[in-house]
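# Inside the fold
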Number of protein chains: 4
Amino acid sequence: MTRTPTSTPWPSGADPRPDGTIDPAFEAAAEEFNTSPVVRLLGLRLVHLKPGRARLVLDVNGRHRNLRGVVHGGITATLLDAACGNALRAALGPGGSVTTVELKVNFLAPITEGRLVAEGQAVHVGSTLAVARGDLYYLPPGDPGDAPPEKPPAGAPAGPGRLVATALATFYVLDRG
Amino acid sequence: MTRTPTSTPWPSGADPRPDGTIDPAFEAAAEEFNTSPVVRLLGLRLVHLKPGRARLVLDVNGRHRNLRGVVHGGITATLLDAACGNALRAALGPGGSVTTVELKVNFLAPITEGRLVAEGQAVHVGSTLAVARGDLYYLPPGDPGDAPPEKPPAGAPAGPGRLVATALATFYVLDRG
Amino acid sequence: MTRTPTSTPWPSGADPRPDGTIDPAFEAAAEEFNTSPVVRLLGLRLVHLKPGRARLVLDVNGRHRNLRGVVHGGITATLLDAACGNALRAALGPGGSVTTVELKVNFLAPITEGRLVAEGQAVHVGSTLAVARGDLYYLPPGDPGDAPPEKPPAGAPAGPGRLVATALATFYVLDRG
Amino acid sequence: MTRTPTSTPWPSGADPRPDGTIDPAFEAAAEEFNTSPVVRLLGLRLVHLKPGRARLVLDVNGRHRNLRGVVHGGITATLLDAACGNALRAALGPGGSVTTVELKVNFLAPITEGRLVAEGQAVHVGSTLAVARGDLYYLPPGDPGDAPPEKPPAGAPAGPGRLVATALATFYVLDRG
């Protein structure tokens, strides 16, 4: 299968920032995030950041699995927390900072391998509190472009892959940027 | 059915059929819902129902308010629970039935008057469990079309009014329809 | 008031404050709550209030039911929201005031009749935010003392009746009292 | 300061067997859990397991921290998910198995160092679904017994340390054991 950045922009394994673009205003924030200890420990990566939106990618490996060989819920929660938090941080602007008040995650399907893509979206930004939602999509190993996303239920938006988890989270605004 | 802008003020502009439409396949279900006791007690109304989507409306009155004169969180939760449950019911098809396993609601702004519009959307329908999200919008009294919706944060979708609450909920599939 | 454990266990319908006592410091707050519009609409009642703890009672009637004849989830959410909020209000002291940021409710069993007792408990009170949990118990119609509470799972605390819902909620501190 | 596992384990005083005990019926399950990949990656440890109850311990190190030098919310979520899941697994009995449907975590205070202790408790075990709550306590570095737990709000139970997070979660019963 022939692919070009234009026709199948996301996600290409070879690209260090698959379909991701970091808004120039947030490059320092993204770089800082991607070099933080827990991010390196787990192997996740912030690949897209613009006001109110963030995308992270994690390529699943054996270390992420639990007893039954599936990705542990804590890994899923980490990805969604980070997607939501970064989306809100970028909604506030450069210098914006938030901390998680509470996070609620629904786990929709088990994952054993492949790539996880977490999309975060700002929902509400108040003076003290902010709310975001996050969706976690799964792409099978190999060329993700070859695997059509699973059909979502009627009325649900189509995503870049199979929806495997979704989150709704509340944050405290530490710095409005 | 004869309708006038005065009696069906919501929402003008964006929706050519402002008060919603009930998919013919779900007319019996909507009628049943709208005549159930708690629905009549609170005064809410299911106005739009199609596979994976539902919309309810409540015109706020004094009975819905709490100590501080704002709509009680339980009313908000009722609207969002009903929006999510009906969206999933309709995602399953005629005869589909679900019951709430758990509901998580974020309250984003206090409401004291006007119209509340709850939008439910199916996110995931599995064999045993299903997940939906709901958004609650506020429209001020008078002609809502005159009041532009509050600008949501960057990256957030625009809704029919000001977003005042949002929910993520899990349901048990009682009948697949 | 003379009571014996055998004849009037808890709660007794004849008693305006069944097993409940309102800490004198909070009598005005409880009275205010019990006369607010939505509380009267639904028929619930705050019967116990002391620092960090609150108890509400609702006697189920036909108006509280949904399509399937069971108490609507919104009623359950209202009770638990009120139990959590009052517990935190009283944890802050007389004059304390909170508003719900978000509420998450698990519905454990359907209820069709009888008495619902909501217990709220402060978990954390910070300078801006506070967290509480709530448990909703069901007591069958008739003399509740005749019906032993359903045995909870191993490791779970015994409550005054069958546990039918549980909640964890976040509040914003409006007034520290 | 010199410490040995024998002289200053966790927590002193309240628990005669400070580091927890594994009910003999669950020794195989605990051993399996403690050797699973993600558990080893993060460095957490299941130290106490009996029907309906579980306790895990994590000694914080640099790898668990996020941008601001505090333990990442995903680590907290992992601990609480594991505490809840193991408590339910043990409530079902040897051979019992559950998977997380959804998890909601409240983050109450930032943690930068020391020991985290997650306590899980079964709340409800139904035929298909089960619910648990979890509490995460923090003990400062050094001899935990020397640091009195922070005073919880009125009405809240005292724990083995400062309460830094709390969770309410729903699980699907895979195997009733």
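Please refer to the structure placed before this passage.
Now for a quick tour of the structure.

What counts, and where the lines are drawn
Residues numbered from 1 in each chain as written. Chains lettered and ligands numbered in written order. Predicted model: local features only at pLDDT ≥ 70, side-chain atom pairs only at ≥ 80, totals over all residues. Heavy atoms only, no water. Contact = heavy atoms within 4.5 Å. Buried area = accessible area lost by both parts, 1.4 Å probe. Salt bridge = Lys/Arg side-chain N within 4 Å of Asp/Glu carboxyl O. Pairing = 2+ DSSP bridges. Helix = DSSP H or I, 4+ residues; strand = E, 2+ residues; numbered from the N terminus. Axes fitted to C-alpha atoms, helices over the stretch in contact; angles between N-to-C directions. Polar contact = N/O pair within 3.5 Å; in protein donor to acceptor, adjacent residues only side chain to side chain. Nonpolar A, V, L, I, M, F, W, Y, C, P; charged D, E, K, R; others polar.

### Observations concerning the interface of chain A and chain D
- Facing the 34 residues of chain A at the interface are 34 residues of chain D.
- In total, about 2700 Å² of surface goes out of reach between chain A and chain D, with carbon and sulfur atoms giving 63% of it.
- On inspection of chain A and its partner chain D, the count reaches two salt bridges.
- The salt bridge involving Lys104 of chain D is made with Glu102 of chain A; its shortest N-O contact spans 2.8 Å.

### What to know about the sheet that holds strand β5 (residues 129-139) of chain A
- An order of β1(A)-β2(A)-β4(A)-β5(A)-β6(A)-β3(A)-β3(D)-β6(D)-β5(D)-β4(D)-β2(D)-β1(D) is seen for the twelve strands of this open sheet, with the pairing classed as antiparallel. Two strands in the sheet have a free side with no partner beyond their single neighbour: β1 (44-50) of chain A together with β1 (44-50) of chain D. Across this sheet, the average inter-strand angle for adjacent strands is 25°, counted without regard to direction.
- Where strand β4 (residues 115-125) of chain A lies against β5 of chain A, ten bridges are found, and the strand directions are antiparallel. Across the sheet, residue Val117 of chain A finds its bridge partner in β5 of chain A, namely Tyr137 of chain A.

### Some thoughts on the interface of chain A and chain C
- Taken together, the contacts link six residues of chain A with six residues of chain C.
- Counting the contacts that link chain A with chain C gives zero salt bridges.
- On inspection of chain A and its partner chain C, the count reaches zero residue pairs in polar contact (both at pLDDT 80 or more).
- Secondary-structure elements contributing two or more residues to the side of chain A that touches chain C are β3 (96-107) and β6 (162-176) of chain A.
- A breakdown of the residues in the side of chain A that touches chain C according to their chemical character gives three nonpolar, two polar and one charged.

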